[in-house]
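Next come the chains, spelled out residue by residue.
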Amino acid sequence: MSKKDEKSKNHAQVIGIDIGGTGIKGGIVNLKDGELVGERFRIPTPQPATPEAVAAVVAQIVEELSSRKGAPAKDTPVGVTFPGIIQHGVCWSAANVDKSWVGTDIDALFTKQLGRPVEVVNDADAAGIAEARYGAGKGVDGTVLVITLGTGIGSAFIFNGRLVPNAELGHLEIDGHDAESKASAVARERDGLSWEEYSVLLQRYFSHVEFLFSPELFIVGGGISKRADEYLPHMKLRTKIVPAELKNEAGIVGAALQIALQHKLTK
Ligand code: BGC
């Protein structure tokens, strides 16, 4: 390929895929502003959500997105999130997903299935880098902790805009329990807690994390960040705490951003 052809390939846009417990969502991300180009595309997560079944759905989503007019070149790497510890593309925990993921080289599996480079990143880490670059953490120096409240509790540790991966602060032990087992959004629904009751648990959780890390800013992500008015006003912390700005798209955007940073595709 000539230098000119190489240049004309559309690399400012990258496909990001967000693997969740109920849905697998993908979109084409414009890396300049972190916005999706066109609609996102979603397919329900197959059950059981084994690595092979999920890989097939990821391939279907990438195929749909790639067939769109102006889609990234077919050899452009694809970024994917996963709700577990990810080191060098291998999954090392499965708190809320099929246990067969542990030890799976997700990068290798998806790269083979898609026939193009794929790299996986922890879901909360993806949301965190997206918020740090395009959202509520933009321009904030020092430690920013992004805490996602969903099925579990995810966390992203950002320092001066850069990610310290796999922080797993949702699994801190608080009052004898794994924090996410009591204070996740799903635990609130399961236990039928009012927002006020729930904010007591969040206060306990965030005070502890604040004591450990003294961050400059907390960003609350996950589905219930859009209900932040219900619980943030009840909480007292010395650290500023704000809802995430990218909402549902943070995972897709962060997955695309992470792989773009790895491959130096961001201009
Ligand atoms: C997992 C994390 C994940 C979080 C949110 C936790 O149970 O251990 O890796 O980021 O849930 O999905």
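Residues numbered from 1 in each chain as written. Predicted model: local features only at pLDDT ≥ 70, side-chain atom pairs only at ≥ 80, totals over all residues. Heavy atoms only, no water.

(A) Molecular detail of the nonpolar core. Of all hydrophobic cores here, the largest spans 29 residues; its most connected members are Ile17, Ile19, Val58, Phe82 and Phe110. Among the secondary structure elements, those contributing two or more residues to this core are strand E1 (13-19), strand E2 (23-30), helix H2 (51-66), strand E4 (78-82), helix H3 (106-114) and strand E7 (118-122). Sorting elements by how many residues they give to this core places H2 first, with eight residues. For Ile17, the contacting residues outside a window of four places in its chain are Ile24, Lys25, Gly26, Val58, Ile61, Val62, Leu65, Val78, Gly79, Val80, Thr81 and Ala255. In terms of nonpolar packing, the next biggest core, distinct from the first, is built from 27 residues, Ile174, Val209, Phe218 and Val220 among them. (Core = buried A, V, L, I, M, F, W, Y, C linked by side-chain atoms within 4.5 Å. Buried < 20%, exposed > 50% of the residue type's maximum accessible area, 1.4 Å probe, protein only. Helix = DSSP H or I, 4+ residues; strand = E, 2+ residues; numbered from the N terminus. Contact = heavy atoms within 4.5 Å.)

(B) The arrangement of the site of the ligand in detail. In the vicinity of the ligand, the contacting residues are Pro83, Gly84, Ala95, Asn96, Asn122, Asp123, Ala124, Ile153, Gly154, Glu168, His171 and Glu180. Between the ligand and Asn122 there is a distance of 2.9 Å, counted from an oxygen atom to a side-chain nitrogen or oxygen. Interatomic distance of 2.7 Å between a side-chain N/O atom of His171 and an oxygen atom of the ligand. Alone, the ligand offers 310 Å² of accessible surface; in the complex the protein occludes 93% of this. At a threshold of 2 Å from the grid points, most atoms of the ligand map onto the largest pocket. Counting only elements with at least two residues in the shell around the ligand, the list comes to helix H4 (123-134) and strand E9 (153-159). Taken together, the residues of the shell around the ligand break down into four nonpolar, five polar and three charged. (Near = heavy atom within 4 Å. Polar contact = N/O pair within 3.5 Å; in protein donor to acceptor, adjacent residues only side chain to side chain. Areas by Shrake-Rupley, 256 points an atom, 1.4 Å probe, with all protein chains shown as cover. 1 Å grid on protein atoms, 1.4 Å probe; cavity = no way out; pocket = protein on both sides within 12 Å on 5 of 7 lines; lining within 4 Å. Sits in = over half its atoms within 2 Å of the grid points. Nonpolar A, V, L, I, M, F, W, Y, C, P; charged D, E, K, R; others polar.)

(C) Here's a closer look at the packing of aromatic side chains. Taken as a whole and assessed by the stated rule, the structure comprises eight aromatic pairs. Relative to Trp101, the ring of Phe82 has its centre 4.4 Å away and its plane inclined at 40°; by these criteria the two rings are tilted. Of this pair, Phe82 sits in strand E4 while Trp101 sits in the loop between strand E6 (90-91) and H3, and the two are 19 residues apart along the sequence. Just as Phe82 is buried, Trp101 falls in that class too. (Phe/Tyr/Trp six-rings, centres within 6.5 Å; stacked < 30°, edge-to-face > 60°.)

(D) Spatial organisation of H3. Of all the positions in H3, only Ile106, Asp107, Phe110 and Leu114 are classed as buried. Summarising the axial view, the buried residues of H3 lie within an arc of 95°, below the 170-degree limit, and thus occupy one face. Where the residues of H3 are buried, they touch E1, H2, E4, strand E5 (86-87), E6 and E7. Following H3 by one or two positions, Gly115 has its phi on the positive side, about 65°. (Arc of directions from axis to C-beta.)

(E) Looking closely at the layout of surface pockets. Considered as a void within the structure, the largest pocket measures approximately 1100 Å³ in volume. Around the largest pocket, the lining comprises 48 residues; the ones closest to its centre are Asp123, Thr148, Gly150, Thr151 and Gly222. Breaking the lining of the largest pocket down by element, the ones donating at least two residues are E1, E2, H4, strand E8 (143-149), E9, helix H6 (185-190) and helix H9 (250-262). Ranked by residue count, the leading element in the lining of the largest pocket is H4, at five residues. Grouping the amino acids of the lining of the largest pocket by side-chain chemistry returns 15 nonpolar, 22 polar and 11 charged. Empty space within the second largest pocket amounts to approximately 620 Å³. Mapped by element, the contributors of at least two residues to the lining of the second largest pocket are E5, E7, H4, strand E10 (162-164) and H9. Tallied by class, residues from the lining of the second largest pocket come to 12 nonpolar, 11 polar and six charged. (Points joined across faces, edges and corners; volume = space filled by probe spheres on them.)

(F) Local environment of the pairing of strand E13 (residues 217-221). Counting buried positions over the five residues of E13 gives five, a clear majority of the element. With burial as the criterion, each face of E13 is covered, one bearing Leu217, Ile219 and Gly221 and the other bearing Phe218 and Val220. Sheet topology note: the E8/E13 ladder contains five bridges and is parallel. When the bridges of E13 are listed, Ile147 appears paired with Val220. In this sheet, strand E14 (residues 240-243) lies alongside E13 in parallel orientation, the contact comprising four bridges. Across the sheet, the residue bridging to Ile219 is Val242, located in E14. (Pairing = 2+ DSSP bridges.)

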